[in-house]
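Examination of the molecular architecture
Residues per chain, in single letters:
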Amino acid sequence: MRIVQVLPTIAFGDAIGNDVRGLKTVLRDAGYDTDIYARVIGEGLPRGTAKPVEELRELKSDDIILYHLSTGDVLNRQVMEFTGKKVIIYHNITPADYFRKYNFQTFKLCRQGLQEAKELAKAADYAIADSEYHRQDLLRYGCTCRIDVLPILIPFEDYRKTPDARTIRKYEDDYTNILFVGRIVPNKKQEDIIAAFYYYKKYINPKSRLILIGTTAGVDGYWSRLEEYARRLELEDVIFTGAVRFDEILAWYRLADVFLCMSEHEGFCVPLLEAMCFDVPVIARDTSAIAGTLGGSGILLPDNDPMVAAEVIHKVVSDEAFRQKILKNQRIRLADFDNEKIRKQFLDIMERIRGEGINLA
């Protein structure tokens, strides 16, 4: 019996790619015959990480296919024709309308992905969602098989690597650093972060800066609007880093005083946990999967009111007892994502699928 992971694209350094590689290690360490197959294999991955999907040899009826679903792709329908037990691992498809004005190709892929997700949900023998929010999505799509919630594997050991010294030297000063990490895309609502920063800097703490880390690829129009918005506000100390090296991200987490997320749609939001790992207090808008990921830790904002967000930032930065209470709760929550715990859950699921325990609600 083989267990193969299949996905449209595997890329170096992104959350899904890290999860796929982590699961491969878990399966191999447990003695399973396993490999990763992808239609597109990104640069920078260690040699032998994945194989082209065309090389996937004929599967047997007792083989297990773990299909990672996160976008529209020709592989979504092709995988339904494969022999073997089909397990959908659902990572999230961003609602297409966020991209309609900025990238029509991405808009079409998201719209296509949603339709294909509904088809796959009905064809799957088993499903895994990386958050309760995603489990509810699958139920809405018409999934009738058993669905388990399994958080993604996060390589916490990587966060102990050496941060970029140049970034730390340049920005380690008496400014308050407000950080957000995530692609510059419309669903993440960086404009709401900028608005909150405007009120905080203008009316509370002029010695502050905002750091927005994330690639702008494919959404240049949205990025331009954000820059123009900051200019209209005559707002200084807003840093768009673009795509950066991993050691630079580590440096910014070390420098951050607050992590602010105003995103409108997140399927999981790994940076929330990254911030917790660095003992950075998290303030986040209560939307989509955010509350589920925080699990009672951090601070949830009821809406995108920038003045409220600014006042909460001030409270977190200026009240040390309050800050320490937040950090204590975040450390407790972070333990729920311990890799050993998730590895055991994953192997238990594999044993359940091997034992023919499929199509059970």
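Residues numbered from 1 in each chain as written. Predicted model: local features only at pLDDT ≥ 70, side-chain atom pairs only at ≥ 80, totals over all residues. Heavy atoms only, no water.

1. What about the overall build of the chain?
Worth spelling out the cut-off: Helix numbers and strand numbers start at the N terminus; a helix is a DSSP run of H or I with at least 4 residues, a strand a run of E with at least 2. The quantity called the radius of gyration is restricted to C-alpha atoms. Its globule counterpart is 2.2 Å times the number of residues to the power 0.38. A simple rule labels every residue: compare its accessible area, found with a 1.4 Å probe on the protein chains alone, to the largest value its type can have, and call it buried under 20%, exposed over 50%, or partly exposed in between. Contact definition: two residues touch when any of their heavy atoms are within 4.5 Å. Method for areas: the Shrake-Rupley scheme with a 1.4 Å probe, in which residue coverage is limited to the protein chains shown. Only four residue types enter the charge count: Lys and Arg as positive, Asp and Glu as negative, with His and the chain ends excluded. For this purpose, a charge sits on NZ of Lys, CZ of Arg, CG of Asp or CD of Glu.
From N to C terminus, the chain includes 13 helices and 13 strands. For the chain, the C-alpha radius of gyration of 21 Å lies close to 21 Å, the compact-globule estimate for 361 residues. Projected onto its principal axes, the C-alpha coordinates of the chain cover approximately 65 × 40 × 40 Å. Considering the chain as a whole, with its 361 residues, one finds that 54% of them fall into the buried category. When contacts within the chain are restricted to residue pairs at least 6 apart in sequence, long-range pairs at least 24 apart make up 68% of them. As presented, the chain carries roughly 16,400 Å² of accessible surface, and 48% of it is formed by carbon and sulfur atoms. The distance from the centre of the 50 positive side-chain charges to the centre of the 54 negative ones in the chain is 1 Å.

2. Focus: the layout of surface pockets
Stated formally: Definitions used throughout: a 1 Å grid over protein atoms alone; a cavity as a set of points that fits a 1.4 Å probe which cannot get out; a pocket as an open set with protein on both sides within 12 Å along at least five of seven lines; a lining residue as one with an atom within 4 Å of a point. Grid points are joined across faces, edges and corners, and a volume is the space filled by probe spheres set on the points. Gly is placed with the polar residues, together with every amino acid not listed as nonpolar (Ala, Val, Leu, Ile, Met, Phe, Trp, Tyr, Cys and Pro) or charged (Asp, Glu, Lys and Arg).
Volume-wise, the second largest pocket comes out at about 220 Å³. Lining the second largest pocket are Tyr98, Lys101, Tyr102, Pro186, Lys189, Glu191, Tyr222, Arg225, Leu226, Tyr229 and Arg232. In terms of residues, the lining of the second largest pocket owes the most to one element, helix H7 (residues 220-232), which gives five residues. Class assignment of the residues belonging to the lining of the second largest pocket gives a composition of six nonpolar, no polar and five charged.

3. Digging into the pairing of strand E6 (residues 126-129)
Just so we agree on the cut-off: The pairing criterion for strands is at least two bridges between them, as found by DSSP. By convention, orient the strands away from the viewer: a clockwise path from the first strand over the helix to the second makes the crossover right-handed.
With burial as the criterion, each face of E6 is covered, one bearing Tyr126 and Ile128 and the other bearing Ala127 and Ala129. Where strand E5 (residues 85-90) meets E6, four bridges bridge the pair, whose relative direction is parallel. Residue pairing across strands places Val87 opposite Tyr126, the latter belonging to E6. In this view, the connection linking E5 to its parallel neighbour E6 by way of helix H3 (residues 104-123) has right-handed handedness. Here E6 runs beside strand E7 (residues 147-149); their pairing, made up of three bridges, is parallel. Its bridge partner lying in E7, Ala127 is registered against Ile147. You can see the chain leave E6, run along helix H4 (residues 132-140) and come back into E7, and the turn it takes is right-handed.

4. With respect to the side chain of Asp130
The following threshold applies: Should a side-chain nitrogen of Lys or Arg be within 4 Å of a carboxyl oxygen of Asp or Glu, the pair is scored as a salt bridge. Pairing of N or O atoms within 3.5 Å defines a polar contact, subject to two protein rules: one partner must be a possible hydrogen donor and the other a possible acceptor, and residues neighboring in sequence count only if both atoms are side-chain atoms.
Along the chain, Asp130 turns up in the loop between E6 and H4. Buried and unpaired, Asp130 has Arg333 as its nearest opposite-charge partner, separated by 11 Å. Of the polar contacts made by the side chain of Asp130, one reaches the side chain of His91; its length is 2.8 Å. Excluding residues that lie within four positions of it along the chain, Asp130 makes contacts with Tyr90, His91, Val149, Leu150, Pro151, Ile152, Gly267 and Phe268.

5. Considering the packing of aromatic side chains
Counted only if it meets this: Aromatic pairing here means that ring centres of Phe, Tyr or Trp (its six-membered ring) are within 6.5 Å. Orientation follows from the plane angle: under 30 degrees is stacked, over 60 is edge-to-face, and everything else is tilted. Two conditions define a charge located above a ring, namely a distance within 6 Å from the ring centre to NZ of Lys or CZ of Arg, and an angle within 35 degrees of the ring normal.
Per the counting criterion, the structure on display carries 14 aromatic pairs. Between Tyr102 and Tyr222, the ring centres sit 5.5 Å apart and the planes meet at 70°, which makes this aromatic pair edge-to-face. Taken together, the residues Tyr102 in the loop between E5 and H3 and Tyr222 in helix H7 connect sequence positions 120 residues apart. For Tyr222, a relative accessible area of 3% gives the class buried. Feature note: the residues Phe156, Tyr159, Phe180, Phe246, Tyr253, Phe259 and Phe278 constitute an aromatic cluster, connected by ring pairs. Sitting above the plane of the Tyr203 ring, Lys202 keeps its charged end 5.7 Å from the centroid. Over the face of the ring belonging to Phe322 we find Lys315, whose NZ or CZ atom lies 5.2 Å from the ring centre.

6. Quick look at the sheet that holds strand E1 (residues 2-10)
Strands sit in the order E3-E2-E1-E4-E5-E6-E7 across an open sheet of seven strands; the sheet is parallel. The open sheet terminates on both sides in strands that have one partner only, identified here as strand E3 (51-52) and E7. In terms of strand pairing, E1 meets strand E4 (residues 64-69) through four bridges, oriented parallel. Bridging from a neighbouring strand, Gln5 pairs with Leu66 of E4.

7. What about empty space enclosed by the protein?
Tallied over the full model, the rule gives two cavities of 30 Å³ or more. What the largest cavity holds in volume is close to 50 Å³. Considering the residues around the largest cavity, the lining is formed by Asp19, Leu23, Ile89, Ile128, Asp130, Leu150, Pro151, Ile152 and Ile342. For the lining of the largest cavity, the per-class residue count stands at seven nonpolar, no polar and two charged. Around the second largest cavity, the lining residues are Val79, Met80, Lys86, Ile88, Leu120, Ala123 and Ala124. Mapped by element, the contributors of at least two residues to the lining of the second largest cavity are E5 and H3.

By themselves, these observations are geometric and do not establish any function.
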